[in-house]
There are 2 protein chains.
Amino acid sequence: MYIPTLDDMLAAHERIKPYVHRTPVLTSSFLNELTGADLFFKCENFQKAAAFKVRGASNAVFGLTEEQAKHGVATHSSGNHALSLSYAAGQRGIPCHVVMPHTAPQAKKDAVIGYGGMITECEPSTSSRETVFAEVQERTGADFVHPYNDPRVIAGQGTCSRELLEQVRDLDAVIAPIGGGGMISGTCLTLSNLAPGVKIYAAEPEQADDAARSFRAGHIIADDAPVTVADGLKVPLKELTWHFVSNHVTDILTASEQEIIDAMRLIWARMKIVMEPSSAVPLATILKNRDVFAGKRVGVIVTGGNVDLDKLPWMNS
Amino acid sequence: MYIPTLDDMLAAHERIKPYVHRTPVLTSSFLNELTGADLFFKCENFQKAAAFKVRGASNAVFGLTEEQAKHGVATHSSGNHALSLSYAAGQRGIPCHVVMPHTAPQAKKDAVIGYGGMITECEPSTSSRETVFAEVQERTGADFVHPYNDPRVIAGQGTCSRELLEQVRDLDAVIAPIGGGGMISGTCLTLSNLAPGVKIYAAEPEQADDAARSFRAGHIIADDAPVTVADGLKVPLKELTWHFVSNHVTDILTASEQEIIDAMRLIWARMKIVMEPSSAVPLATILKNRDVFAGKRVGVIVTGGNVDLDKLPWMNS
């Protein structure tokens, strides 16, 4: 297992700069008053493909040799990683193969196609996905880019915190959502090297709290198909992300579905930005752990903005 | 009738700087490709009180003498001007009286109260509003700040375009929504003095197109209670705003309700910002007048972000 280093992150940043935005940091005096903290929202919802994942995906795509790149890249995902990898491959002008269950919503298929990805459908089971994915790789020779358990991806995600350190002085802590742990691992990689005094918190839905339970147990616990509105956060940790989480994270905090929805609505209403439910989990946990964050300068990673505008979660609650 | 000057706008900018944001300018490669133009969105939805109107309101409030200020300010409005005047008065620590019909939505009353305004209710008729407003002024001695037909307000709104000129080089045109004409008048004041080569377009709902008809007729035409989703744009021009519109505007373009809603949804989906229907009218008109804007560098004023998140217009359409 290759653990990405500071140099990998710095090289990633140089490599991806032409293809990703240096996203802005927004503040809200209302939310600062409400939480007693100084919150600095790093807005990856304004990123290309509206997701931080374009950082890791671009690093993987543009790190390929010419020979490797000819065969394209491949992944299995129906979320932001698929969009991001399709975008990055399009920027390099190489194919991106995405294996998705035929039951995935048409909107998600359309989004991948809109970014230039090519979809191969599978049955909605892990065994079918693995079989079909193996066939695609065999046929195309495409390079597999895992959504998070890949050192190139983690090095890419680490560029987000590097920008945040340049944009905001004297941070006490950074908090980000945790699903598979790609963003948190990149954050750990960067901060443990460049700002080791900054505490790192991960935020997770109570209903998909496998990372929090793993953290307390001291080993990876994986849940089968948890259900949460924060649909980017359902996947389990893997060995590479576990390495960073177990070594560098101060704590993993959780929030209920209603707390996540309330925090999401509060951010939309007060900050006037569109972000997805996963991105609201950090604020939800800050609001219920006031004593942890009050008086502190806290970076909050807003991970993405891909949300169904026809079905906002507070309209069902 | 006192016509505000460039010096009034420059003085306003110095006066209000501590109380308003220098809002960011956002771009979208997707929307640039779609329109063939380079669009620069000046995001007043990120402004204090989520509306450009805080510029004019703050200029009026902080321009009062100490003696005048003691008696506070007053207005009749149930929209962004009421919020903005309440905010500005709160910053100076003086009272703000708002006359509103008792039939106004509770959410709008709560918003005014949330910003520290004091509401006096009237019947939902012009005669009742005028009677009640006169009583409030008589009782309190408060200074009346009209939402747009006031030179202090227009000078304040003009600061938005001044920032835009500093933020974006070589603009060919600026487009903003038009209701009563306060923002457009401020834009005319600033650009006619500082950048007279920049064309000024106003954008209006077809269903409340009194300004467009006034522009063609050469005199003010006022409609009684037009109905449009762009609820900030229902009010008529007045003599002061007519002065600027008739002298400096290149054209007034209109869009249908569906075009406004589609443009609003497109901005939310692609730019990941929350803005109100009125703010989508400029993009709606740009999309249907491609030949006017293609190849041009166009500033687009996003006027505000106050919208009911429980009732988004595309959900009814």
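Just so it is clear, the structure is predicted and the values come from calculations on it, not from any experiment.

All names here are of chain A. Considered domain by domain, chain A is made up of domain 1 (6–51 + 150–315) and domain 2 (54–144). For domain 1 and domain 2, the distance between their C-alpha centres works out to 24 Å. Contacts between domain 1 and domain 2 engage 25 residues on the former and 18 residues on the latter. Summed over the shared surface of domain 1 and domain 2, the result is four salt bridges. Between Arg55 and Glu163 there is a salt bridge, with its nearest N and O atoms 2.9 Å apart. Run the count over domain 1 and domain 2 and you get twelve residue pairs in polar contact (both at pLDDT 80 or more). When residues of the side of domain 1 that touches domain 2 are traced back to their parent elements, those giving at least two are α1 (6–16) and α8 (151–167). Considering each element in turn, the side of domain 1 that touches domain 2 owes the most residues, eight residues, to α8. Considered class by class, the residues forming the side of domain 1 that touches domain 2 number nine nonpolar, seven polar and nine charged.

All names here are of chain A. Summed over the entire model, instances satisfying the criterion amount to 36 salt bridges over all chains. With its nearest N and O atoms 3.2 Å apart, the salt bridge here joins Glu67 to Lys70. Linking Glu67 with Lys70, this pair stays in helix α4 (residues 66–70), spanning three residues, or about one helical turn. In this structure Glu67 comes out as partly exposed when scored by relative accessible area, which is 47%. Judged by relative accessible area, Lys70 falls into the exposed class, the value being 60%. Arg216 is the partner of Asp251 in a salt bridge, and the nearest nitrogen-oxygen pair spans 3.6 Å. Highlighted residues: Asp251 in strand β9 (residues 251–255) and Arg216 in helix α10 (residues 210–217), separated in sequence by 35 residues.

Turning next to the interface of chain B and chain A. As a measure of interface size, the accessible area lost when the parts come together is often cited. Listed per partner, the contact involves 23 residues of chain B and 23 residues of chain A. Here chain B and chain A share two salt bridges between them. Here Arg265(A) ties to Asp310(B) by a salt bridge, and the two come within 2.6 Å at their closest N and O atoms. For the interface between chain B and chain A, the tally reads ten residue pairs in polar contact (both at pLDDT 80 or more).

As a further point, take unusual backbone geometry. Of note in this structure, Lys272(A) is not a glycine but carries a positive phi near 60 degrees. Summarising the element assignment, Lys272(A) is placed in the loop between α12 (257–271) and α13 (277–288). The buried category is assigned to Lys272(A), whose relative accessible area is 7%. The backbone phi angle of Ala225(B) is positive, close to 55 degrees, even though this residue is not glycine. Here Ala225(B) shows up in the loop between α10 (210–217) and α11 (239–248). On the basis of relative accessibility, which here comes to 60%, the residue Ala225(B) falls in the exposed class.

Each α-helix turn comprises 3.6 residues. Residues three or four places apart therefore point the same way. Residues and elements named next belong to chain A. In terms of residue burial, helix α3 (residues 53–62) counts as a mostly covered element, since ten of its ten residues are buried. For α3, the set of buried residues is Lys53, Val54, Arg55, Gly56, Ala57, Ser58, Asn59, Ala60, Val61 and Phe62. Where α3 is buried, its residues meet α1, β2 (38–43), β3 (73–76), α5 (80–92) and α8.

Calculation rules
- Residues numbered from 1 in each chain as written.
- Chains lettered and ligands numbered in written order.
- Predicted model: local features only at pLDDT ≥ 70, side-chain atom pairs only at ≥ 80, totals over all residues.
- Heavy atoms only, no water.
- Domains from an automatic or database assignment.
- Contact = heavy atoms within 4.5 Å.
- Salt bridge = Lys/Arg side-chain N within 4 Å of Asp/Glu carboxyl O.
- Polar contact = N/O pair within 3.5 Å; in protein donor to acceptor, adjacent residues only side chain to side chain.
- Helix = DSSP H or I, 4+ residues; strand = E, 2+ residues; numbered from the N terminus.
- Nonpolar A, V, L, I, M, F, W, Y, C, P; charged D, E, K, R; others polar.
- Buried < 20%, exposed > 50% of the residue type's maximum accessible area, 1.4 Å probe, protein only.

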